[in-house]
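# Per-entry structural report
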Amino acid sequence: MDLVFRARRVVTPQGEIACDVGVIGGKVVAVESHIDSPNVVHLADDEVLLPGLVDTHVHVNDPGRSEWEGFETATRAAAAGGVTTIIDMPLNSVPPTVDVAALELKRKAAASVSVDVGFWGGIVPGNLADLKPLHEAGVFGFKCFLLHSGVDEFPAVTLVELETALRKLATLDALTIVHAEDPHTVRESEPDYAGFLASRPREAENKAIRDVVDLTRRTGARTHVLHLSSSDALSTLGAAKRESLRISAETCPHYLTFTAEEIRDGQTEFKCCPPIREAENREALWRGLRDGVIDLVVSDHSPSTAELKEGDFATAWGGIASLQLGLPAVWTGARERGFHLTDIVRWMATHPARQARLETKGAIEPGKDADLVVFAPDETFVVDRDKLHHRNPVTPYHGRELRGVVRQTWLRGKEVSTTRGKLLRRGEA
Ligand SMILES: [Zn+2]
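Scoring rules and cut-offs
Residues numbered from 1 in each chain as written. Predicted model: local features only at pLDDT ≥ 70, side-chain atom pairs only at ≥ 80, totals over all residues. Heavy atoms only, no water. UniProt positions renumbered as here; feature names shortened; annotations may be inferred. Phe/Tyr/Trp six-rings, centres within 6.5 Å; stacked < 30°, edge-to-face > 60°. Buried < 20%, exposed > 50% of the residue type's maximum accessible area, 1.4 Å probe, protein only. Helix = DSSP H or I, 4+ residues; strand = E, 2+ residues; numbered from the N terminus. Expected span 1.5 Å × (residues − 1). Arc of directions from axis to C-beta. Contact = heavy atoms within 4.5 Å. Pairing = 2+ DSSP bridges. Donors = N, O, S within 2.8 Å, 3.2 Å for Na, K, Ca; no water. Axes fitted to C-alpha atoms, helices over the stretch in contact; angles between N-to-C directions. Polar contact = N/O pair within 3.5 Å; in protein donor to acceptor, adjacent residues only side chain to side chain.

An unreviewed UniProt entry lists the protein under the name allantoinase, from Lentzea xinjiangensis. Regarding the protein, the UniProt comment filed under Subunit (unreviewed entry) reads as follows: "Homotetramer."

As structure tokens, this is what we get:
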């Protein structure tokens, strides 16, 4: 063995156990009660060994808007937060990742990364012919919007255009991930939070999700609902799953942490789309996770410059940056509701890896990459924006006490500060 991790608590697919984890050549090769080795990393009594998290919803914005975020800062934040794999969204960078030439520019921009990085492609009006080449070039799937994306260079598709794309992608067995808000239900926002919330009502999500379910059924494609906020849509998603449609859903740390009731006018650091809803909605999302209707929790790390986050709820950038904070934020809420670290690992590592078909990520078991996190689940800390590695550390978490501290992050068997991440292609990892 190159290295053995010895811990009283290791989260494995068989549950939380005391064991040794043996690593050779960057891979986990054994999970056993005792492995002899001269190189043992002993975890302290208050530490738990987790698989590195997989965050499939990250906007790095590089190239083109690297003043919002870049690959170096984003991946450093990921590593500090126990995230060892990210998949980058196709928009907010310029150009957006809607053809192979743009994907190659992304790969160049990501020359220096601290964790492993993969890429989503995009579906926009007119790029149907680019989907197969992008798929073959190694994107993990395709994102589309049903309403204005927030940036003009990544236009929305109509349901007719989406259906055409889904039929094509079904033949490739490629995944389509959808920003599901209905353009005809969303209205112009008011400057205050109540007005913003009313402008993007639950029905906008509910309607769009009914449409996506319908298209999934008609085309046989694999689809995924991004950043679910409306708990009303859980019944639609639950029924689609009982019907064995190939659809999955995610929610994000901010929908599980914050409530509309606590957001005051002017606190635009809380602005995101779809919006953070009422406390009762938040509890229903937790039930959706408990029931398995929501499959995964990923950050939707969507930063901008601090200036663009200023103003009011009609004009400020809609996006919350939380790549470094997702694990403690979700663990804090999960623990209060009686969940365990095995649940966190399922939602934030195993299921995201499965969604992107990252065969070597998302669990501690033989054959997987030795992407490991030493986590102190009982230690608390107060979020200080100055300690975040995000390029623009504007955050609604500032000043909040969270539970769970990432003490070490290991990538393919090396402590993360001593190694580099690599660029992942679908099918290779
Ligand atoms: Zn997003």
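## A few points about the packing of aromatic side chains
In this structure the tally under the stated criterion is 12 aromatic pairs. Between F339 and W347, the ring centres sit 5.0 Å apart and the planes meet at 75 degrees, which makes this aromatic pair edge-to-face. For F339, a relative accessible area of 7% gives the class buried. Residue W347 is classed as buried on the basis of its relative accessible area of 1%.

## Here we look at helix α4 (residues 159-172)
For the α-helix, the turn length of 3.6 residues means that residues three or four positions removed from each other point alike. End to end, α4 covers 20 Å across 14 residues, agreeing with the expected 20 Å (1.5 Å per residue, within 8%). Buried residues of α4: L162, E163, A165, L166, L169 and L172, and no others. What you see down the axis of α4 is that its buried residues fit within an arc of 165 degrees, all on one side. Residues of α4 that are exposed and point over 90 degrees away from its buried face: V160 and T171. On the buried face of α4, the contacting elements are α3 (128-136), β10 (142-145), β11 (175-179), α6 (202-219) and β12 (222-225). At the C-terminal side of α4, D173 shows a positive phi close to 55 degrees.

## Notes on the pairing of strand β3 (residues 27-32)
Pairing analysis gives 5 bridges linking strand β2 (residues 15-24) to β3, with the strands arranged antiparallel. Looking at β3, one finds that I24 is bridged to K27. Here β2 hands over to β3 after 2 residues, with G25 in that stretch at a positive phi of 55 degrees.

## What about the coordination of the zinc ion?
Here the zinc ion is held by the protein donor atoms H57 (NE2), H59 (NE2) and D300 (OD), which lie 2.1 to 2.2 Å from it. In primary-sequence terms, the residues that donate to the zinc ion follow H-x1-H-x240-D.

## Structural notes on the sheet that holds strand β6 (residues 53-58)
On the basis of which strands lie adjacent, the open sheet formed by 3 strands has the order β6-β7-β8 and parallel pairing. Bordering the open sheet on either side are β6 and β8 (116-119), each of which pairs with just one other strand. Taking each pair of neighbouring strands and ignoring which way they run, the sheet shows an average axis angle of 20 degrees. Bridge count between β6 and strand β7 (residues 83-88): 4 bridges; the pairing is parallel. Residue pairing in the sheet places D55 in a bridge with I86 of β7.

## Focus: the environment of H301
The residue H301 is located in the loop between β14 (296-297) and α10 (326-336) in this model. Along the chain, H301 and D55 lie 246 residues apart, while their C-alpha atoms are 9.2 Å from each other. The residues contacting H301, other than those within four sequence positions of it, are H57, V58, H59, E69, I320, A321, S322, L323 and H390. Reaching out from H301, the side chain makes a polar contact with the backbone nitrogen of L323 at a distance of 3.1 Å.

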